[in-house]
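# Structural features, examined
Chain by chain, the residues:
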Amino acid sequence: MARTEKILAPKKYIFGDYAVGTACFSIVDEGRQETLGNATGDRRIAVRLYYPVDKESVEGLERAAIFSEQKKTSVTKAFHLRRFLDEANVADYYENAPFAADEEFPLVMFSSAYQSYIEANTYLLCAMASYGYIIASVGHAYEFVENDYEDGSFDLFDKQINKDLYTSKGGAIFAQGKLSKARLSHKEAAEQMDAFQDKYTPYLKERVKEWKLDIEKALEEVKTRYADHIDLDNGVGVSGHSYGGCLAYFLCRYNEEFTCGINIDGALFGEYDDTPMKRPFCQISCPENINLETRPFVNTTADTYQVTFGDLRHLGFSDMKFYMPGKLYTGKLDSEEMFRHLVYCHVRFFDKYLKEAYVEFRGMSSEKIKYKKII
């Protein structure tokens, strides 16, 4: 008999003044040929939107499911969850609920980790929406566990990619471990990260450009579909976890529409020129990955923050912190404490730079989580 996973979903993850609506849609990027999987034709992009809703407008409505049945199966297999409880598949949001009336809200684009899924940070994105943000979580075809599309079709991760990810997987693991433990300045660590990706992960170094195109196409569609609800006076924010966090930094460097960003524990893959970073940025890290993520502190002229989550591991920044038994992949930090601080980082940072709330981004009291302004 399969063991049932214990679900430790946050006791409360809608903190703000709004209820949360969700809507899914997909885009065809015409003229951009798909090169992954078994597809022919143009690349498709899946998007899930999270947005503020007046609480009275959802009274009596049923909450929406996080996953389709097909995706639930894909996620449980990919992350070795022997059984996924049905009660964990209900989020505190409502499908296609009406936007909060007569208001406009800042927009934040979001990407999850490589080989993850579009709902991997549902709790965080719901919390942000409840504080008055519209968030578009973008799926990357054949590079996520699964992407679902409006016509009922879906794609799965292209396993052929596993052969391309590393020039030597064993060598990459050894070199990454060595780099993680070295005592280096920010500049030295960034230079060694560049050498690491050139030698072991050239595929990931180049692929960030394609993810950038996915986000840019999704942004174009979101602005068209939801123009009446979006406040773009201070530009667009961007955040992401892991490779999605790397993408957030890349977008802030090379697309002027993105005026501020957050990287949640993403190693900084990609090729970067000598122009300085000019946009406020927050780098969130677990201790073992700090040396892979120092580029935001090098060659910048903008407000730059570092937040370190002690006793946390890489997957612990996603909803997997609440699904996965054991601490091996998610760390020992209390899940509720992790979640409160991750929400705080996002809301306070984007309040400051997208809403011009002029708040002090100093952090909350915690023995395990350290806030620091670098620039």
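The coordinates are above.
Keep in mind that what you see is a predicted model, and the values were worked out from it rather than measured.

### A look at the state of the cysteines
Put plainly, two cysteines are in a disulfide when a covalent bond ties their sulfur atoms together. For the structure on display, the rule yields zero disulfides. No disulfide involves Cys 24; its sulfur sits 12 Å from the nearest other cysteine sulfur, which is in Cys 126. For Cys 24, a relative accessible area of 39% corresponds to the partly exposed category. Not engaged in a disulfide, the cysteine Cys 260 finds its nearest cysteine sulfur in Cys 252; these two sulfurs lie 6.7 Å apart.

### Thoughts on the packing of aromatic side chains
For the coordinates displayed, the defined rule picks out 31 aromatic pairs. Aromatic side chains Tyr 114 and Tyr 243 sit 5.4 Å apart centroid to centroid with 85° between the ring planes, which places their arrangement in the edge-to-face category. Within this pair, whereas Tyr 114 is found in the loop between β4 (107-111) and α2 (122-130), its partner Tyr 243 is found in helix α6 (residues 243-254), the two being separated by 129 residues in sequence. Considered together, Tyr 114 and Tyr 243 belong to a single accessibility category, that of buried residues. Look at Phe 196 and Tyr 200: their rings are 5.6 Å apart centre to centre, the planes differ by 40°, and that puts the pair in the tilted class. In this pair, Phe 196 and Tyr 200 are both assigned in helix α4 (residues 186-200), four residues apart and thus about one turn of the helix distant. Assigned by exposure class, Phe 196 and Tyr 200 land together as buried. Aromatic rings pair up to connect Tyr 114, Phe 144, Phe 157, Trp 211, Tyr 243 and Phe 269 into one cluster. A cation over an aromatic ring shows up here: Arg 44 above the ring of Tyr 149, its NZ or CZ 3.8 Å from the ring centre.

### Thoughts on a negative patch on the surface
Together, Glu 104, Asp 228, Asp 233 and Glu 356 line one region of the surface with negative charge. Along the chain, Asp 233 falls in the loop between α5 (202-225) and β8 (236-241). Exposure remark for Asp 233: the relative accessible area of 69% places this residue in the exposed category.

### What about the nonpolar core?
Judged by nonpolar contacts, the single largest core of 66 residues is most densely connected at Met 109, Tyr 114 and Phe 258. In this structure Tyr 114 touches Glu 143, Phe 157, Ile 161, Leu 165, Tyr 203, Leu 204, Arg 207, Trp 211 and Tyr 243, once residues within four positions along its chain are discounted. Formed by 54 residues, the second largest nonpolar core is a distinct cluster that contains Ile 66, Tyr 344, Val 347 and Ile 369.

### Focus on unusual backbone geometry
Backbone phi values are negative for most residues with the exception of glycine, while trans is the configuration of most peptide bonds. Although it is not a glycine, His 80 adopts a positive phi angle of roughly 55°. Turning to its location among the elements, His 80 is positioned in the loop between α1 (69-78) and β3 (94-95). For Gln 115, which is not glycine, the phi dihedral falls at a positive 60°. Examined against the element boundaries, Gln 115 turns out to sit in the loop between β4 and α2.

### Some points on the environment of Ser 153
Mapped onto the secondary structure, Ser 153 falls in the loop between β6 (146-148) and β7 (154-156). Not counting the four nearest positions on each side in its chain, Ser 153 is found in contact with Arg 44, Asn 147 and Asp 148.

### Quick look at the packing of α2 against helix α8 (residues 335-354)
A pair of packed helices is characterised by two quantities: the angle between their axes and the separation of those axes. The interhelical angle for the contact between α2 and α8, taken along N-to-C directions, is 40°, at an axis separation of 10 Å. With respect to their mutual orientation, α2 and α8 come out oblique. For the element pair α2 and α8, the recorded crossing hand is right-handed. When α2 is examined against α8, the residues Tyr 123, Leu 124, Ala 127 and Met 128 are found in contact with a partner set consisting of Phe 339, Leu 342, Val 343, His 346 and Phe 350.

Cut-off values and rules
- Residues numbered from 1 in each chain as written.
- Predicted model: local features only at pLDDT ≥ 70, side-chain atom pairs only at ≥ 80, totals over all residues.
- Heavy atoms only, no water.
- Disulfide = S-S within 2.5 Å.
- Buried < 20%, exposed > 50% of the residue type's maximum accessible area, 1.4 Å probe, protein only.
- Phe/Tyr/Trp six-rings, centres within 6.5 Å; stacked < 30°, edge-to-face > 60°.
- Helix = DSSP H or I, 4+ residues; strand = E, 2+ residues; numbered from the N terminus.
- Lys NZ or Arg CZ within 6 Å of the ring centre and 35° of its normal.
- Patch = residues over 30% accessible without salt bridge, like charges linked within 9 Å, V, L, I, M, F, W, Y side chains within 5 Å.
- Areas by Shrake-Rupley, 256 points an atom, 1.4 Å probe, with all protein chains shown as cover.
- Salt bridge = Lys/Arg side-chain N within 4 Å of Asp/Glu carboxyl O.
- Lys, Arg positive; Asp, Glu negative; His and termini not counted.
- Charge placed at Lys NZ, Arg CZ, Asp CG, Glu CD.
- Core = buried A, V, L, I, M, F, W, Y, C linked by side-chain atoms within 4.5 Å.
- Contact = heavy atoms within 4.5 Å.
- Axes fitted to C-alpha atoms, helices over the stretch in contact; angles between N-to-C directions.
- Parallel < 35°, antiparallel > 145°, perpendicular 65-115°, else oblique.
- Left-handed = near helix turned anticlockwise from the far one by under 90°.

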